[in-house]
Amino acid sequence: MAGNWSGGGTITLDDGSTERVRCRATYAVRADGDGLNQTLTCASDSFKFNLASNVIAQRGALSGTWSESIRNASGNLEGRGGGGHFNVVANGPGFSAHISLTTRGNKQSVVIKSDGAFRVTSISLTRS
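Residues numbered from 1 in each chain as written. Predicted model: local features only at pLDDT ≥ 70, side-chain atom pairs only at ≥ 80, totals over all residues. Heavy atoms only, no water.

(A) Just the packing of aromatic side chains, in detail. Throughout the structure, instances matching the rule amount to 5 aromatic pairs. With a centroid separation of 5.6 Å and an interplanar angle of 70 degrees, the aromatic rings of Phe47 and Phe118 are classed as edge-to-face. Taken as a pair, Phe47 in the loop between strand 3 (35-43) and strand 4 (48-58) and Phe118 in strand 10 (residues 118-127) lie far apart in primary sequence, 71 residues in all. In this structure, Phe47 and Phe118 share a single accessibility class: buried. A network of ring pairs unites the aromatic residues Phe47, Phe49 and Phe118 as a single cluster. (Phe/Tyr/Trp six-rings, centres within 6.5 Å; stacked < 30°, edge-to-face > 60°. Helix = DSSP H or I, 4+ residues; strand = E, 2+ residues; numbered from the N terminus. Buried < 20%, exposed > 50% of the residue type's maximum accessible area, 1.4 Å probe, protein only.)

Following this line, the structure appears as structure tokens:
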């Protein structure tokens, strides 16, 4: 997963409208393989988010923290992962999202389902 990724997809905003979204992601894996730092920046015509997370894996359990710099939001995340597939729940004050990430070779799929300013984001990324 380490490296730079880019691509796009769609975002469904809280008013039900759908827009194309462009995204960039960077992943840095800790030397022991148990930690991951991630940044994900996505923008559509009317919406942008800049997500950063720090995740630790222990026997398939994932835990860590996340922050979103544009809205000055942050919180904790937890979930499960293995075999290139990760499912986590990110929580913070007034925000909750389910995040599913699947990586196969140089292709990655990210789906974020939220109760915030956007409802669903579906992204396909390719490693640069």
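Further notes follow.
(B) Representation of the nonpolar core within the structure. Formed by 27 residues in total, the largest nonpolar core has its most connected members in Leu40, Phe49 and Ile112. The dominant element in this core, judged by the number of residues it contributes, is strand 2 (residues 18-29), at 4 residues. Setting aside residues up to four positions removed in sequence, Ile112 forms contacts with Leu40, Phe49, Ala97, His98, Ile99, Phe118, Arg119, Val120 and Thr121. (Core = buried A, V, L, I, M, F, W, Y, C linked by side-chain atoms within 4.5 Å. Contact = heavy atoms within 4.5 Å.)

(C) Here's a closer look at the pattern of salt bridges. Evaluation of the coordinates by the stated rule reveals 2 salt bridges. When the shortest N-O distance is used, the salt bridge between Asp32 and Arg30 registers 2.9 Å. Classification of Arg30 as partly exposed rests on a relative accessible area of 41%. For the salt bridge of Glu68 with Arg71, the shortest nitrogen-to-oxygen distance reads 3.4 Å. Owing to a relative accessible area of 8%, Glu68 belongs among the buried residues under this scheme. Exposure remark for Arg71: the relative accessible area of 40% places this residue in the partly exposed category. (Salt bridge = Lys/Arg side-chain N within 4 Å of Asp/Glu carboxyl O.)

(D) Focus on the state of the cysteines. Tallied over the entire structure, the rule returns 1 disulfide. For Cys23, the disulfide goes to Cys42, at an S-S distance of 2.1 Å. Across the S-S bond linking Cys23 and Cys42, the dihedral sits near 115 degrees, which makes this disulfide right-handed. Remark: Cys42 occurs in strand 3 and Cys23 occurs in strand 2; sequence separation between them is 19 residues. We classify Cys42 as buried; its relative accessible area is 1%. (Disulfide = S-S within 2.5 Å.)

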